[in-house]
Amino acid sequence: MGYVAVKGGTDAIHNSQELVEFYRLKDAVTPLDIKQIRSQLRLAVDKVIGEGGLYAPDYAAIALKQAEGEVFEAAFILRAFRTTLQRRYYSETINTREMFVKRKISASFREIPGGQILGPTRDYTQRILDTSKAVETPEDVEKFLKTFESKINRDKLQSIKTYAKVIDLLKEEGLLKRVDPNEDRSLADITREAIRFPAPRSARLQMMCRAETGGLMAMGYSSMRGFGSAHPTVGELRYGSLPVRIKDPSGRVRYAGKIEVTEAEMVSSVSVGKKKAIPKFTIGYGLCFGQNDTKVICMGILDTTMRSPDVNAPANDQEFVLYHTEGIESMGFTNHLKLPHYVDFQSGLNSIRAAMDRNTEKAPEQKQGEPTLLPL
Amino acid sequence: MVENKKYVNKYNFAFIDEATKKEIRRKLLKAVAIPGYQVPYSSPEMPISRGWGTGGLHVTLAVIGKADVFKIIDQGSDASVNACNLREFVHMMTNCKTTYDTTEATLIQTRHRIVEEELNENQIYIYQVPQPEPLRSVERYENKTRQMHGEADYAKMWVSLYESFVRHGDIMFGAGYPVKVNDRYVMAPSPIPKWDIPNINDSKALHLFGAGREKRLYAVPPYTKVEPLEFEDVKFHPEDFSSYECFKTGYNKAYLDELYFDDGSKHYVINDSNFLDKMVGHAPLNQHSNKYLDKLKHEQE
């Protein structure tokens, strides 16, 4: 027997902390270098900075190492770290038309301004387990890089410019639905102010930007599959880097650095207002840190669905989507079930035993101190 | 390898940055000014999981000063693993003295219990709240529950209490029994047992509630009326331990835990670990008094 007055809790925690560190290191292999994680686990790092809500790839790599590769946990560590930093500035509005494009595709048109650029994507790799990766050597890496670089025309690289967007084509033709003048366009900051419902679009996009990819995917997919009516087309999906600028106290706009983002503009058709109104196109928008196509596509779908509230379709319900795709919160609460609840449970027991007594369906009450009759 | 200097941790006193602490304090002042009203706040992420006491921690870290003495319990126990973990964190970030002794503490953070000993005017009692919205069981949408509070429209809540009575012969709420504060707001007291509910009423201490995941703060100022929801003919009642007793002390006018020993035998023990320690050590005890407990004591005499 060991119980309440035992002060073993602290020891237990310390031992458990030590043990988990042992599990991380027990095979005594070479410790992972942060650079290796940042570089070779690039997409994991991207998820962590996105869901952690802090553009800090180095810190994200450390968090991934610390969390033994658990992305939820690493994102959580990064968010907690973020709390210790004061918000000093808001960046100037980022203009994604300035993007240095690394990938740019459209499903709506065969040809788009600047062409379709697949860029780095696993979309058309055959997902065959490549066992040669098991024996990859630094020499292999070097050899690959050498051959690859020899194929690059550096003169051409200089001439890469920015491209017009697909949605501009639609806009010029008057095919896009105008923004509803009654829409709440106030700018929220969900990191400084708890979200309130109905939330302005800015808050919805911010929430989704930090949301868990899998959660967004489940919601977005549900709407396409049948529990809703999303039927979008990828207007344009881009991945690339963007300059970030901030205004210093003297009012001068200064360049702060570059961030990598993925952006999606999802096109769906809607009928505006009354039943007989002419249908138009509307854009659902998605943007996140790093490269994550799935996330921005689902953001785009959900941006559209949440604009037409419908309690019968989970994806059209702001509160449902935004509260439940928040990964750090849902993970925390789900895991809190592991905490002791014996006080609340005792209270419930008390009520249920009394209710059974009232119904004369008396539960066999075991007297205090008597051993149980049930075989253990 | 990355240059180490870049990654040395330096944290502000009490972890949270000052601007955010100020924000939390302002929201707490609003909460105190409108007893029982849920004030939305920023709720920054803590290095503790959501749902594991982040709201309580925000409150603690926003109000703690260097001279404070900090006590934290979970399920009534100072030794519970989560309480130990949070105690270490608060200590690490503030270097404040920590204690198990209820009377010595100036700040007490709790999960799911109010200590058995009476609180005083110099103490702040901080609750970790999983679900701040008492109406969530009858209305799932946040914008609707806010409206219901605004209009003091608690009809659905009353109906649910009534239905519970009709179906089961009693109001079946266990932990987290809804209360009305200052004759105005219905409030979730956090999942404390019914045993503890009367001890918030007219308390000498300031009671602060933090729901981190749901991003709400609320408060019950000292000497405020807090009543459990009940009908004229169907009354609230605390848990009944009259037929059991603590196997260590023989006492049964405190909240008891049900234990099963290795041979499967059932025993009861006082839940509040400091209260139990003091009672076993014959230290002076000043238990809360409330009408239910007083009646119980009176009946036994």
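Remember, predicted model here, so these are calculated numbers, not experimental data.

**Observations regarding the overall build of chain A**
At step 1: Scanning chain A for helices and strands turns up 14 helices and four strands.
At step 2: For chain A, whose C-alpha radius of gyration is 27 Å, the value lies well above the compact-globule estimate of 21 Å for 376 residues.
At step 3: For the C-alpha atoms alone, the extent of chain A along its principal axes is close to 85 × 65 × 55 Å.
At step 4: For chain A, with 376 residues in total, the buried portion stands at 29%.
At step 5: Counted over contacts in chain A with a minimum sequence separation of 6, partners at least 24 positions apart contribute 62%.

**Here we look at the nonpolar core**
At step 1: The biggest cluster of nonpolar side chains holds 126 residues, and the ones touching the most others in it are V48(A), A60(A), A63(A), A74(A), L78(A), L302(A) and L28(B).
At step 2: Of the residues that make up this core, three or more belong to each of domain 1 (15-83) and domain 2 (96-124 + 164-331) of chain A.
At step 3: Apart from the residues within four sequence positions on either side, A60(A) is in contact with V45(A), V48(A), I49(A), G52(A), A74(A) and L78(A).

**Comments concerning the interface of chain B and chain A**
At step 1: Chain B puts 67 residues into the contact, and the matching count from chain A is 57 residues.
At step 2: Looking at the side of chain B that touches chain A, the elements with two or more residues in it are helix 3 (81-94), helix 4 (142-150), strand 11 (256-260), strand 12 (266-270) and helix 6 (273-280) of chain B.
At step 3: Sorting elements by how many residues they give to the side of chain B that touches chain A places helix 3 of chain B first, with five residues.
At step 4: The residue makeup of the side of chain B that touches chain A, split by class, is 28 nonpolar, 21 polar and 18 charged.

**Re the pairing of strand 8 (residues 206-211) of chain B**
Residue and element names in this part refer to chain B.
At step 1: With six of six residues buried, strand 8 lies mostly within the body of the structure.
At step 2: Judged by which residues are buried, strand 8 turns out to be covered on both faces: L206, L208 and G210 on one side and H207, F209 and A211 on the other are all buried.
At step 3: Bridge analysis of strand 5 (residues 124-128) against strand 8 gives five bridges, and the strand direction is parallel. Looking across to strand 8, one finds that Q128 is bridged to G210.
At step 4: Bridging between strand 8 and strand 9 (residues 216-220) involves five bridges; their strand directions are antiparallel. By the bridge assignment for strand 9, H207 is matched with V220.
At step 5: Between strand 8 and strand 9, which pair antiparallel in sequence order, lie four residues; one of them, K215, sits at a positive phi of approximately 60°.

**Thoughts on the sheet that holds strand 6 (residues 179-181) of chain B**
Sheets are built from strands that pair by backbone hydrogen bonding, the pairs being arranged parallel or antiparallel.
Residue and element names in this part refer to chain B.
At step 1: Ordered in space as 7-6-10, the three strands form an open sheet in which the pairing is antiparallel. Since the sheet does not close on itself, it has two edges, and those belong to strand 7 (185-187) and strand 10 (226-228), each with one partner. For this sheet, the mean inter-axis angle between neighbouring strands, taken without regard to orientation, is 35°.
At step 2: Where strand 6 and strand 7 come together, three bridges link them in antiparallel fashion. The residue bridging V181 from the neighbouring strand is Y185, located in strand 7.

**A look at the domain arrangement of chain A**
Residues and elements named next belong to chain A.
At step 1: Each assigned domain of chain A is listed with its residue range as follows: domain 1 (15-83) and domain 2 (96-124 + 164-331).
At step 2: Centre-to-centre, using C-alpha coordinates, domain 1 lies 28 Å away from domain 2.
At step 3: With 12 residues of domain 1 in contact, the opposing surface of domain 2 contributes 14 residues.
At step 4: Of all the elements in the fold, those that place two or more residues in the side of domain 1 that touches domain 2 are helix 3 (42-52) and helix 5 (71-83).
At step 5: Sorting elements by how many residues they give to the side of domain 1 that touches domain 2 places helix 3 first, with six residues.
At step 6: When grouped by side-chain class, the residues that make up the side of domain 1 that touches domain 2 number six nonpolar, two polar and four charged.

**So, the sheet that holds strand 3 (residues 97-98) of chain B**
At step 1: Pairing in this open sheet of seven strands is mixed, and the strands run 1-9-8-5-4-2-3 (chain B) from one edge to the other. Across the chains shown, the open sheet's two edge strands, defined by having one partner strand only, are strand 1 (39-40) and strand 3 of chain B.

**Thoughts on helix 5 (residues 155-168) of chain B**
At step 1: Over its 14 residues, helix 5 of chain B extends 20 Å from the first C-alpha to the last, a length consistent with the 20 Å expected when each residue adds 1.5 Å.
At step 2: Where helix 5 of chain B terminates, the next one or two residues include G169(B), which has phi positive at roughly 80°.

**Some points on unusual backbone geometry**
At step 1: F197(A) connects to P198(A) through a cis peptide bond whose omega is -5°.
At step 2: Tracing the backbone through its elements, the reader meets P198(A) in the loop between helix 8 (166-172) and helix 9 (201-210).
At step 3: Backbone geometry at H112(B) places phi at a positive 70°, although glycine is not the residue there.
At step 4: Mapped onto the secondary structure, H112(B) falls in the loop between strand 4 (107-111) and strand 5.
At step 5: Positive phi, close to 55°, is recorded for D202(B), a residue that is not glycine.
At step 6: Here D202(B) is to be found in the loop between strand 7 and strand 8.
At step 7: With 13 C-beta atoms counted inside 10 Å, the residue D202(B) sits in the partly exposed group.

**Regarding the environment of G76(B)**
At step 1: Mapped onto the elements, G76(B) comes out in the loop between strand 2 (69-74) and helix 3.
At step 2: For G76(B), a count of 31 C-beta atoms within 10 Å corresponds to the buried category.
At step 3: Sequence-wise, G76(B) and N271(B) are 195 residues apart; in three dimensions their C-alpha atoms are separated by 5.8 Å.
At step 4: Non-local contacts of G76(B), meaning those with residues more than four positions away in its chain, are made with V343(A), R113(B), Y255(B), N271(B), D272(B) and S273(B).

**Regarding the packing of helix 3 of chain A against helix 4 (residues 57-66) of chain A**
Residue and element names in this part refer to chain A.
At step 1: Contact geometry of helix 3 with helix 4 gives a least axis separation of 9 Å together with a crossing angle of 105°. As the angle between them shows, helix 3 and helix 4 are arranged roughly perpendicular. Between helix 3 and helix 4, the residues in contact are A44, V45, V48, I49 and G52 and P57, A60, A61, A63 and L64, respectively.
At step 2: Of the residues that constitute the contact of helix 3 with helix 4, the class distribution is nine nonpolar, one polar and no charged.

**Some remarks on the confidence of the model for chain A**
All names here are of chain A.
At step 1: Per-residue confidence for chain A averages 89 on the pLDDT scale, and 93% of its residues sit at or above 70.
At step 2: When the elements of chain A are averaged for pLDDT, helix 7 (residues 154-158) gives the smallest value, 80, and helix 3 the largest, 97.
At step 3: Per-residue pLDDT stays below 50 along residues 1-6; that stretch engages in 15 contacts with residues further than four places along the chain or on separate chains.

Cut-off values and rules
- Residues numbered from 1 in each chain as written.
- Chains lettered and ligands numbered in written order.
- Predicted model: local features only at pLDDT ≥ 70, side-chain atom pairs only at ≥ 80, totals over all residues.
- Helix = DSSP H or I, 4+ residues; strand = E, 2+ residues; numbered from the N terminus.
- Rg over C-alpha atoms; globule rule 2.2 N^0.38 Å.
- Buried ≥ 20, exposed ≤ 12 C-beta atoms within 10 Å, placed from the backbone.
- Contact = placed C-beta atoms within 7 Å.
- Core = buried A, V, L, I, M, F, W, Y, C linked by C-beta atoms within 7 Å.
- Domains from an automatic or database assignment.
- Nonpolar A, V, L, I, M, F, W, Y, C, P; charged D, E, K, R; others polar.
- Pairing = 2+ DSSP bridges.
- Axes fitted to C-alpha atoms, helices over the stretch in contact; angles between N-to-C directions.
- Expected span 1.5 Å × (residues − 1).
- Parallel < 35°, antiparallel > 145°, perpendicular 65-115°, else oblique.
- pLDDT = per-residue confidence, 0-100.

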